[in-house]
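Residue-level listing of the chains:
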Amino acid sequence: MTSSRPYMLRALYEWILDNEATPHILVNAQWPNTEVPQAYVNDGQIVLNLSPSAIRNLFMDNQWVTFDGRFGGQAHNLRVPVEAVMAIYARENGQGMVFDLEPSMPEELADAESVDGTDDGPDDDGGGSPASGKKPRLRVVK
């Protein structure tokens, strides 16, 4: 069976836009074949604004998220494998989805993503964040 990640990514992107919010994705910039401006990577991750007013030529299929964007006034072509997308959310309220790590993730990257295993309770939003190491969970959005 194919991964549901690209389908959920596209659906949530449309949902965020339909609700007049600004879609952002959290990307594992260390994932193989990820092409993002490295100067803007922090702790191996980068947050990308996918608002239609911020980017051009957005393309999302089952393998890639690609688009043209500007960073510090300089144009960049960005290519993100769908497996590298860790979360999609609305900037205004944080609503969206955190994805599990892909099982095909190279072992050395999976080790770098792990945390000490301590659980200090749920996050404010009731879900797990990529950095927390907790599994995300669904919640009702009103």
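Because the structure is a prediction, the values reported are computed rather than measured.

A.B. asks: Describe the side chain of Thr 34, and please don't skip the residues or the numbers.
C.D. replies: With respect to the helices and strands, Thr 34 occurs in the loop between β1 (23–28) and β2 (45–49). From its side chain, Thr 34 meets the backbone oxygen of Trp 31 in a polar contact 2.9 Å long.

A.B. asks: I'd like to hear about the sheet that holds strand β4 (residues 64–71), residue by residue, with values.
C.D. replies: Sheet architecture is open: 3 strands sit in the order β3-β4-β5, paired in antiparallel fashion. Bordering the open sheet on either side are β3 (55–60) and β5 (74–81), each of which pairs with just one other strand. Going across the sheet, the axis of each strand differs from the next one's by a mean of 15 degrees, ignoring polarity. In this structure, β4 lies alongside β5, joined through 8 bridges in antiparallel fashion. Paired with Thr 66 across the two strands is Arg 79, which belongs to β5.

A.B. asks: Break down the environment of Asn 42 for me, with residues and values.
C.D. replies: Looking at where Asn 42 falls in the secondary structure, it is placed in the loop between β1 and β2. Taking C-alpha positions, Asn 42 is 8.9 Å from Ala 29, a pair spaced 13 residues apart along the chain.

Reading the values: the criteria
Residues numbered from 1 in each chain as written. Predicted model: local features only at pLDDT ≥ 70, side-chain atom pairs only at ≥ 80, totals over all residues. Heavy atoms only, no water. Helix = DSSP H or I, 4+ residues; strand = E, 2+ residues; numbered from the N terminus. Polar contact = N/O pair within 3.5 Å; in protein donor to acceptor, adjacent residues only side chain to side chain. Pairing = 2+ DSSP bridges. Axes fitted to C-alpha atoms, helices over the stretch in contact; angles between N-to-C directions.

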